[in-house]
Amino acid sequence: MDFDLSEEQRLLKESIDGLLTDSYDFEQRKKYMAEKGGWSKTVWLKLAEQGLLGLPFSEADGGFGGGGVETMIVMEALGKALVLEPYLATVVIGGGFLRHAGTDAQKAAHVPSIIDGSKTLAFAQLEKNSRYDLFDVTTTAKKKGDGYVIDGEKFVVLNGENADTLIVTARTKGDRRDKSGIGVFLVPANAKGVAKKSYPTQDGLHAADITFTGVEVGPDAVLGNPEASLALIERVVDEARVALCAEAVGLMDESLKTTVEYIKTRKQFGVPIGSFQSLQHRASDMFVATEQARSMSMFATMANDFEDARERSNAIAAAKVQIGKSAKFVGQQSIQLHGGIGMTMEAKIGHYFKRLTMIENTFGDTDYHQRRVADAGGLI
Amino acid sequence: MDFDLSEEQRLLKESIDGLLTDSYDFEQRKKYMAEKGGWSKTVWLKLAEQGLLGLPFSEADGGFGGGGVETMIVMEALGKALVLEPYLATVVIGGGFLRHAGTDAQKAAHVPSIIDGSKTLAFAQLEKNSRYDLFDVTTTAKKKGDGYVIDGEKFVVLNGENADTLIVTARTKGDRRDKSGIGVFLVPANAKGVAKKSYPTQDGLHAADITFTGVEVGPDAVLGNPEASLALIERVVDEARVALCAEAVGLMDESLKTTVEYIKTRKQFGVPIGSFQSLQHRASDMFVATEQARSMSMFATMANDFEDARERSNAIAAAKVQIGKSAKFVGQQSIQLHGGIGMTMEAKIGHYFKRLTMIENTFGDTDYHQRRVADAGGLI
Amino acid sequence: MDLAFTKEEQAFREEVRQFFRDNVPPDTRRKLVEGRHLSKDEMVTWWRILNKKGWGVSHWPKEYGGTGWTPVQHYIFNEELQAHPAPQPLAFGVSMVGPVIYTFGNEAQKKYYLPRIANVDDWWCQGFSEPGSGSDLASLKTKAERRGDKWIINGQKTWTTLAQHADMIFCLCRTDPSAKKQMGISFIVFSMKSKGVTVRPIQTIDGGREVNEVFFDDVEVPIENLIGEENKGWDYAKFLLGNERTGIARVGVSKERIRRIKDLASKVESAGKPIIQDSAFREKLAACEIELKALELTQLRVVADEGKHGKGKPNPASSVLKIKGSEIQQTTTELLMEVIGPFAAPYDVHGDDGSNEAMDWTAQIAPSYFNNRKVSIYGGSNEIQRNIIAKAVLGL
Amino acid sequence: MDLAFTKEEQAFREEVRQFFRDNVPPDTRRKLVEGRHLSKDEMVTWWRILNKKGWGVSHWPKEYGGTGWTPVQHYIFNEELQAHPAPQPLAFGVSMVGPVIYTFGNEAQKKYYLPRIANVDDWWCQGFSEPGSGSDLASLKTKAERRGDKWIINGQKTWTTLAQHADMIFCLCRTDPSAKKQMGISFIVFSMKSKGVTVRPIQTIDGGREVNEVFFDDVEVPIENLIGEENKGWDYAKFLLGNERTGIARVGVSKERIRRIKDLASKVESAGKPIIQDSAFREKLAACEIELKALELTQLRVVADEGKHGKGKPNPASSVLKIKGSEIQQTTTELLMEVIGPFAAPYDVHGDDGSNEAMDWTAQIAPSYFNNRKVSIYGGSNEIQRNIIAKAVLGL
């Protein structure tokens, strides 16, 4: 039990914090948002230069062999700076699928271009009625020769607008909500039959709704067992949830800091509003909520390495609940304590609130995960 | 739509408030509690003298023909003074059964002695596993000749220790959770085969667990249809819930008043603690909770007269939810704002908190009624 | 005490409801249901329909076009209006500046402005808040200096709702800089077309452009545009804000939104079945409905009290309406967010071609959630309301 | 950063757990599970078992009988103790007066008192709070006047926990009435059997008699019973309160209670089936478990931080532990109340003959709910904790 960073981890943190301090203040972020695709290729390449895009990959694959704690450090920093670039979609999720299920050939084909920043990925999973159930899949992948033909519709695919390669969940057999018969496929974004409708999201990221119509892929597109990849999907999505928890902690840290600074300087009735006890207590409650969230982010990070998949999922679900609750409270109260100014696009705080809100609804909301924990018999 | 009291209602309120101001301060209450049976026969006879025990009965039955508003006025006053006497058990519930289902002979046998204060009643309904479902009845009433033989166990029968007559729910046919086959019986407390185990309750009232072993009653014991009295039971229990809502409003009013007085006078760090904004805001929230509860108590009172039984039940369930939530908040915060002194038996406030707590768990708690409202499709 | 609506009140409700059914333009209604913004034309068109019916300024004295309704009738009218839903009359004209003019204005002002307000010949906006003033309104700095037969106005207002549409503004200006805070403020009205008036939109976090900054740079205003007495503006502002309570609880709005939640929840699936079949969700919704029912009753009590004892000074119970009303409005938008779950994310899914009809129903839900954070901030933040209750009701 | 317990730590946990299994008297454990009060004998018996094992004063310096454990070991020990459950060592002796004596006492005092504390030869109680002092402890009025080789003590203390069992009291007394509030206070220990000491029980709302008022009427105390320097008592009190944080979150207590909730909820029926099968109840319980897990991790972070950087000054994060810890304890008692529903009502169902075994399991649940309201009041109310966070952490 040791909550201090190792020397390497401390250096990693300094590296990413330094990079973002230099190149990711709120004004710079606005510029990146206005770039084509909605994020900065330059920043992305800087992340690559510092080795951050290769962080979780094994050294054999050209990466740095970082573990859960390293990803937590990076995601927290990305949250703190409200970063737009597709780290989650490309490195955490895309990279996760390749690390856990990629063949040597698949890794060779994709990992180097992730690491050097030349390509990004996106995870096409959500369907019209699937909501948060990962096994609820109607998109089909039908065997054709050595390969498959994919048909279906996926929604709100983060980084779907820009990704070079899509990772698509599709059903090779069974019915809509069967837990077996689900496969994962690597599909080039420019494959024939792939049609995208892109849009910005509420939190300033970019996503796409993507239709697959008779999209033919070869045997090299199959990640893992095409008839039994639910466990793989759950594992990678759990890693994404853990990453989102860390990002949310970074967002909350910065929200609290920004809010406390604001109420220290903002004056009403001749005194800083931070001198009013009711606002002080609200800020204290925000601190409590943030610390509880930080604890559960660490717990989730630790749980990533649990051997028992059920125990892992349960712990991560619990973390997502705590993060969801804390995020909602910290986000809403940040706006409340800012007053009118917090309601404007010009102020930084509203953007943190919106990102925190969207994280709650990504890969299962608070109620969804609370029920999972309840159905698993709790934590004690 | 008119929320003002009529002249008669105003006089009624003055009458009960005056009586309780004179004879029911906190010190007097302690004395009554120490009397045999746990309440004051003298006060009970004073209530009778002022006609309050005959309030809801028709003039033909010797009563005053009071309606829901009149009962609300009385229950609120009884709550405000934290009255121990068995008005709910005797007048509201006992009287309710007689009013709605009593034959002329049954009324003649019981109502006059309720009105003159000579006899009290108790409602023996709760069973070991029935919890809040009124149709969950295992106590049996088997036909024998003209009458019935009653067997079973009832728990936490309020005023069960002192009542002269018990009103007992029992099953004449069907299985434990069948909605038909339930009857209601008037059983003399001293009937052969009735065994009581009496005890005080957490809020200073008295109750009993009562066993019925081969208790034989005649045909005059049957209230309503012995094979189909669930609707009757629901109606009377709904009236009891409405009365409890009003009592709770009285309790909250007095809790808030007592707490505000306390924080105005109690000094710490050289100033009254009521000058701290966080406590002011807490007290404001208590006020909001109390006003919302008062509104729903009035709504429930109005709903008592709804013709549609489902609509009535749904509205009263909603009121019980609001009262439960407000009561918990006001009760808990009253203690918190009192600090240590609120934790002692010597202070009045703790006794209000305990009664509010027990009301939540009587005839359905907050979650139980919230589910009923949800299952009925809500209120809008 | 009689807690039921009278037959007459029920009939009135039916009449109002029928009028809305027959007269609110369907497209206007649909946009409100979906939480979209209306165009200026759409709003004005409806208000003129309402005015033609004689209901445009219903709570004004009869001599100026009011209806003479009882408080309960006003309550019913407002509830049905919000629940239909139809656009509420423009508060800045009808509820704010109108009453100030007919109470404190001179005959010429009444004669000129009141009919124009009723018919929305002028779109009014409010010049109260300033950067830095916030809950401490009296700290305002905008100056009006008398020069000959003109006021020369300089300063800045903010949070000016729909100023982009406005023809006229009513403005609190400091006319005596030497006087104490609340003194030395005057209530002046003038044209938004005046030279020196600049409107700069403020984009809110939901992406909307409801509010604006308004700059005054040597704006010349005729001297007769002062309402009431010079340096008494603070009194009129207090009067105006005390009148603002009508419908502050927005019970009808929340009712309408709950119907929308139920509608969407019967369409959106969770765990393979409509989310309305999920008991946890249903119970959460029921909890909100119960709070709302309690609030409705609380509001009726306030209304009945006004009916009995006259409006008089602001009723501190209106702070309860503000606190609970805003909390419930926020809860309803949270429940909508919960219903649509992952589909909350897309922003402006119409894109430029307006073609993404499939996701159309979700488009305004997250913005509405974000936008509704304001309701616990504006009109006296909920913290201020708790101060009011503590002091005015509890004597703390 | 390594978030797993080491093998050694896991082995230590097993050792501790096994010791409790083998050595806690079963009846003592059962009473704690059911929320009942223990007799003095039951407590002392157990503490002497613990002391014999060498774990009675585990966190004291080794020279005075401590164990030399790491902070994580202390954490594990406490958690297992609370979770077994077994009675915690008497805080007034072991955690409060003991450390003051070994830190500020003279050799004679150390030699005499410390072994007696470890073996509970003396039962200690705390004389800090006074009527009217509350959160403003330094306003205390009890006086100690020097007369020859005696202190003459007059005044009153309150909320004195288990004073009815106590042999000794450590007391804050004002020794220099002319000094400023926090100055002029001394830390004096003396026998509760002294002439002029009167103990009057205060019954709490749950019916329990844990706390007392203690009156001092010309109590004569030997001059050498002063600990440390005269008029420096406030410093020692602050030191003592800073040490009091261990286990303030009471994670183990809440864990044990959650197990009890699950146990009861699998027995008590709702809607004809065990209430644990009700999804709404289960989700509410899960919510509580998640909060508790987060708190456990937060506590571990504080513990690890102490291990790394030394105890030093009180960690403001301990305010988080106090706030959340008390909230969770209260929530667990609310959930227990919810489980037993209408059976919460009976008070002292045993009656005099102790025969009502059927309802036995419900007897202490409502009292425990009532009693636990204190946890957000004592030890610095949660409002005071929020002040501390605002000032010490956030700089407000």
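All figures in this text were calculated on a predicted structure; none of them were measured in a lab.

Residues and elements named next belong to chain A. Both strand 3 (residues 147–158) and strand 7 (residues 206–217) contribute to a ladder of eight bridges, which runs antiparallel. When the sheet's bridge partners are listed, L158 is paired in strand 7 with A207. Relative to strand 7, strand 6 (residues 194–200) runs antiparallel, the two sharing seven bridges. Residue K196 lies in a different strand from strand 7, and its bridge partner there is I210. Where strand 6 hands over to strand 7, the hairpin turn is made up of five residues, of which G204 adopts a positive phi near 90°.

Here the focus is the UniProt feature "domain: Acyl-CoA oxidase/dehydrogenase middle" (unreviewed entry) in chain A. The UniProt entry lists residues 123–209 of chain A under the feature "domain: Acyl-CoA oxidase/dehydrogenase middle" (unreviewed entry), expressed in the numbering used here. Secondary structure content for residues 123–209 of chain A is 0% helix and 51% strand, and the end C-alpha separation is 11 Å.

Moving on, we come to the nonpolar core. With 228 residues, the main nonpolar core has Y87(B), F97(B), I153(C), F170(C), F187(C) and F190(C) as its most contacted residues. It is helix 7 (residues 230–265) of chain B that provides the largest number of residues to this core, a total of 19 residues. If near-sequence neighbours (up to four positions away) are discounted, F190(C) is found in contact with I153(C), D167(C), M168(C), I169(C), C171(C), V197(C), F216(C), V219(C), V221(C) and N225(C). Judged by nonpolar contacts, the second largest core, of 185 residues, contains A248(A), A118(D), F216(D) and V303(D).

UniProt feature "domain: Acyl-CoA dehydrogenase/oxidase N-terminal" (unreviewed entry): in the numbering of this structure it lies at residues 6–117 of chain A. Along residues 6–117 of chain A, the helical share is 67% and the strand share 0%, with 27 Å between the first and last C-alpha atoms.

Now for the pairing of strand 3 (residues 150–157) of chain C. All names here are of chain C. For strand 2 (residues 143–147) and strand 3, the ladder comprises five bridges, and the chain directions are antiparallel. Of the residues in strand 3, the one forming a bridge with E145 is I152. Taking the residues that link successive antiparallel strands as the turn, the strand 2-strand 3 hairpin has two residues, and the phi of G148 there is positive, at about 65°. Two elements, strand 3 and strand 7 (residues 211–222), share seven bridges in a ladder whose sense is antiparallel. Directly across from Q156, in strand 7, lies its bridge partner F215.

Moving on, we come to the packing of aromatic side chains. In total, this model carries 64 aromatic pairs over all chains according to the counting rule given. An angle of 55° between the planes, with centres 5.3 Å apart, marks the rings of W47(D) and W123(D) as tilted. Of this pair, W47(D) sits in helix 3 (residues 40–53) while W123(D) sits in the loop between helix 6 (107–118) and strand 1 (124–127); the two residues are 76 residues apart in sequence, bridging distant segments of the chain. Each member of the pair W47(D) and W123(D) is classed as buried. One aromatic cluster is present, formed by F104(C), Y112(C), Y113(C), W124(C), F128(C), F170(C), F187(C), Y236(C) and F239(C) through successive ring pairs. Taking NZ or CZ as reference, K179(A) lies 4.7 Å from the ring centre of F135(A), over its face.

This part covers the UniProt feature "domain: Acyl-CoA oxidase/dehydrogenase middle" (unreviewed entry) in chain C. As recorded in UniProt, the sites labelled "domain: Acyl-CoA oxidase/dehydrogenase middle" (unreviewed entry) are residues 125–219 of chain C. Annotated as residues 125–219 of chain C, this span is 0% helix and 47% strand, and its ends, taken at the C-alpha atoms, are 16 Å apart.

The next subject is the domain arrangement of chain C. Residues and elements named next belong to chain C. If you check the domain split of chain C, you get domain 1 (7–89), domain 2 (124–232) and domain 3 (245–393). The partner domain 3 presents 20 residues to the 13 residues of domain 1 that form the contact. Of the roughly 1,500 Å² buried at the junction of domain 1 and domain 3 (both faces included), carbon and sulfur atoms supply 53%. Counting the surface domain 1 buries against domain 3, the share from its top three residues, R36, Y75 and Q82, is 41%. A salt bridge links K255 to E79; the nearest nitrogen and oxygen atoms lie 2.3 Å apart. The interface formed by domain 1 and domain 3 contains seven residue pairs in polar contact (both at pLDDT 80 or more). Per-element accounting of the side of domain 1 that touches domain 3 gives the leading share, seven residues, to helix 4 (residues 71–83). Looking at side-chain class alone, the side of domain 1 that touches domain 3 contains six nonpolar, four polar and three charged residues.

Cut-off values and rules
- Residues numbered from 1 in each chain as written.
- Chains lettered and ligands numbered in written order.
- Predicted model: local features only at pLDDT ≥ 70, side-chain atom pairs only at ≥ 80, totals over all residues.
- Heavy atoms only, no water.
- Pairing = 2+ DSSP bridges.
- Helix = DSSP H or I, 4+ residues; strand = E, 2+ residues; numbered from the N terminus.
- UniProt positions renumbered as here; feature names shortened; annotations may be inferred.
- Core = buried A, V, L, I, M, F, W, Y, C linked by side-chain atoms within 4.5 Å.
- Buried < 20%, exposed > 50% of the residue type's maximum accessible area, 1.4 Å probe, protein only.
- Contact = heavy atoms within 4.5 Å.
- Phe/Tyr/Trp six-rings, centres within 6.5 Å; stacked < 30°, edge-to-face > 60°.
- Lys NZ or Arg CZ within 6 Å of the ring centre and 35° of its normal.
- Domains from an automatic or database assignment.
- Buried area = accessible area lost by both parts, 1.4 Å probe.
- Salt bridge = Lys/Arg side-chain N within 4 Å of Asp/Glu carboxyl O.
- Polar contact = N/O pair within 3.5 Å; in protein donor to acceptor, adjacent residues only side chain to side chain.
- Nonpolar A, V, L, I, M, F, W, Y, C, P; charged D, E, K, R; others polar.

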